[in-house]
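Letter by letter, the chains look like this.
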Amino acid sequence: KSVVSLSSTEILCDGESFLNFSSNDYLGLSQHPLLKERAIEYIQRYGVGSGASRLLSGNNGIYESIEKRLAELKDAQAALIFSSGYQLNATVLPALAGIAGHFLCDRFVHNSLLTGALASKASFHRFQHNNCLDLEQRLAKLTGRETGGWIVSESVFGMNGDLANLDQLERLSMHSGFPLFIDEAHATGVFGETGMGLVKAGRDERVIMGTFGKGCGSFGAYLACTEKLKSYLVNFCSGFIYTTALPPPVLGTIAAALEIIPGMYRERQYLHQLAENTRIRLKELGFDVGNSASQIIPIIVGTDANAVSLSEWLYGNQIFAPAIRPPTVPEGTARLRLSLSSSHREADIDKLINTLKQWQHQE
Ligand SMILES: Cc1ncc(COP(=O)(O)O)c(C=O)c1O
């Protein structure tokens, strides 16, 4: 299929318009006039490409002002921008492993984090999803030894829409001395007082990452950490060193997104309420939405065949919500992953719910 995303709520498939529930553009910022304006302005001022890696001549001064703003928003000593979230996770973890011996990852963390942990020289452990007791038991076997380690989790899980038990993770991190590495890809823009996620970096060793390609409507990623870790990564992280810097228009849209996201309280509140209403209505129809507590709502239907049948039924009714199947999610939990945005209206949810009812009747 040829697919063109027109906004966070409308997508063109082979030229036909569909109601879109597959976009991570949670605040609709990819279409925001300020982001568009800033992209054009930066193209006119700086051109379309950066021409080199940041360590050579690609370190446009805009980076520094964005990183300073990010550090303030995350209450961190420092921040560092990367070209994408995947690149960040896949290359920062191996760089951290130079100073740590173990990665303990939640079983459901994103593929980029697994890639990073497995590519490192550290030993790799997975704890049961959101199960701090299991994590505690695993930590007990490791702490007290010479080598340290990292506890790795998402704050809002991308495939389930549930939230990590951050208080417990913090307690276990303090107790074990293993710092947290938290991925806020799906919390950025949507959660927290200023919309910049659920975890502040503070002054300790913890590392928080977030992406600009989802709730910020743009592209790229950042890491919030200590000054010391930032300078270590600038010198030793391959995914930072050996790649072309982000193009100026992308930096312009990131700067614009960071200007407006902190003030988007109403959009966030609306989105959380819309998600809550949608979950209630789905549960009333008997659908399993897992432990979703965010704008990401899975409809877990079990078999791959069911997920495909449901997705095709919606598609036949001009609704775009692709099926997600193993190995992206565990066996037996094939699903539709609904992604809501503050641009969705109640009428969009009515259309979705009515179409789901019809599917249940024809099944
Ligand atoms: C939890 C999580 N982390 C990282 C990434 C990668 O981010 P990016 O799309 O910027 O490469 C994703 C993308 O889907 C994600 O869901």
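Values in this document were obtained by computation on a predicted structure and should not be read as measured data.

(A) Broad picture of the site of the ligand. Near the ligand you find Ser84, Gly85, Tyr86, Asn89, His110, Ser112, Glu154, Asp183, Ala185, His186, Thr211 and Lys214, and these make up its full shell. At a separation of 2.8 Å, an oxygen atom of the ligand approaches a polar backbone atom of Gly85. Bound to the protein, the ligand loses 80% of the 390 Å² it would expose on its own. The greatest single-element share of the shell around the ligand, amounting to three residues, is contributed by helix 4 (residues 85-97).

(B) View of unusual backbone geometry. Residues Pro326 and Pro327 are joined by a peptide bond in cis, for which omega reads 10°. Looking at the secondary structure, you find Pro327 in the loop between strand 13 (323-324) and strand 14 (334-339). Positive phi values are uncommon outside glycine, yet Asn130 reaches one of about 55°. Owing to a relative accessible area of 26%, Asn130 belongs among the partly exposed residues under this scheme.

(C) The domain arrangement of the protein, seen in detail. Split by domain assignment, the protein resolves into domain 1 (3-27 + 265-362) and domain 2 (33-262). Computed over C-alpha atoms only, the centres of domain 1 and domain 2 are separated by 27 Å. Domain 1 puts 21 residues into the contact, and the matching count from domain 2 is 22 residues. Counting the contacts that link domain 1 with domain 2 gives zero salt bridges. At the boundary of domain 1 and domain 2, one finds twelve residue pairs in polar contact (both at pLDDT 80 or more). At four residues, helix 11 (residues 265-284) tops the list of elements feeding residues into the side of domain 1 that touches domain 2.

(D) Main features of the environment of Arg281. Tracing the chain through its elements places Arg281 in helix 11. Using a relative accessible area of 24% as the deciding quantity, one classes Arg281 as partly exposed. Separated by 118 residues in sequence, Arg281 and Leu163 place their C-alpha atoms 21 Å apart. Residue contacts for Arg281: discarding those within four places in its chain leaves Glu346, Ile349, Asp350 and Ile353.

(E) Structural detail: the packing of helix 12 (residues 304-316) against helix 13 (residues 346-362). In contact at an axis separation of 10 Å, helix 12 and helix 13 are set at 125° when each is read in the N-to-C sense. Taken as axis vectors, helix 12 and helix 13 run oblique relative to one another. Considering only the axes of helix 12 and helix 13, their crossing is right-handed. Together, Asn306, Ser309, Leu310, Trp313 and Leu314 of helix 12 and Leu352, Thr355, Leu356, Gln358, Trp359 and Gln362 of helix 13 make up the contact between the two elements. Grouping the amino acids of the contact of helix 12 with helix 13 by side-chain chemistry returns six nonpolar, five polar and no charged.

(F) Structural detail: the nonpolar core. Formed by 49 residues in total, the largest nonpolar core has its most connected members in Leu29, Ile66, Leu70, Leu135, Ile151, Leu169 and Ile261. Secondary-structure elements contributing two or more residues to this core are helix 1 (33-46), helix 3 (61-73), strand 4 (78-82), helix 6 (132-142), helix 7 (166-176), strand 8 (180-183), strand 10 (221-225) and helix 10 (248-260). Aside from chain neighbours lying at most four places away, what touches Leu70 is Ala79, Ile81, Met196, Phe212, Tyr222 and Leu258.

(G) Main features of helix 8 (residues 227-236). By the burial criterion, the buried members of helix 8 are Leu229, Lys230, Leu233 and Val234. Viewed along the axis of helix 8, the buried residues span an arc of 140°, placing them on a single side of the element. Exposed and oriented more than 90 degrees from the buried face of helix 8 are Lys228, Asn235 and Phe236.

(H) Highlighting the packing of aromatic side chains. For the coordinates displayed, the defined rule picks out seven aromatic pairs. Through successive ring pairs, a cluster of aromatic residues spans Phe18, Tyr315 and Phe320. For the cation-ring pair, Arg45 lies above Tyr42, with the distance from its terminal atom to the ring centre recorded as 5.6 Å. The positively charged end of Arg54 is found above the aromatic ring belonging to Tyr63, 3.7 Å away from the centroid.

(I) Main features of the sheet that holds strand 13. Pairing in this open sheet of three strands is antiparallel, and the strands run 11-14-13 from one edge to the other. Where the open sheet ends on each side, the last strands, each with one partner, are strand 11 (296-302) and strand 13. Bridge count between strand 11 and strand 14: six bridges; the pairing is antiparallel. By the bridge assignment for strand 14, Gly302 is matched with Ala334. On top of the sheet, helix 11 reaches strand 11 and strand 14; it is set at about 20° to strand 11, its chief contact.

What counts, and where the lines are drawn
- Residues numbered from 1 in each chain as written.
- Predicted model: local features only at pLDDT ≥ 70, side-chain atom pairs only at ≥ 80, totals over all residues.
- Heavy atoms only, no water.
- Near = heavy atom within 4 Å.
- Polar contact = N/O pair within 3.5 Å; in protein donor to acceptor, adjacent residues only side chain to side chain.
- Areas by Shrake-Rupley, 256 points an atom, 1.4 Å probe, with all protein chains shown as cover.
- Helix = DSSP H or I, 4+ residues; strand = E, 2+ residues; numbered from the N terminus.
- Buried < 20%, exposed > 50% of the residue type's maximum accessible area, 1.4 Å probe, protein only.
- Domains from an automatic or database assignment.
- Contact = heavy atoms within 4.5 Å.
- Salt bridge = Lys/Arg side-chain N within 4 Å of Asp/Glu carboxyl O.
- Axes fitted to C-alpha atoms, helices over the stretch in contact; angles between N-to-C directions.
- Parallel < 35°, antiparallel > 145°, perpendicular 65-115°, else oblique.
- Left-handed = near helix turned anticlockwise from the far one by under 90°.
- Nonpolar A, V, L, I, M, F, W, Y, C, P; charged D, E, K, R; others polar.
- Core = buried A, V, L, I, M, F, W, Y, C linked by side-chain atoms within 4.5 Å.
- Arc of directions from axis to C-beta.
- Phe/Tyr/Trp six-rings, centres within 6.5 Å; stacked < 30°, edge-to-face > 60°.
- Lys NZ or Arg CZ within 6 Å of the ring centre and 35° of its normal.
- Pairing = 2+ DSSP bridges.

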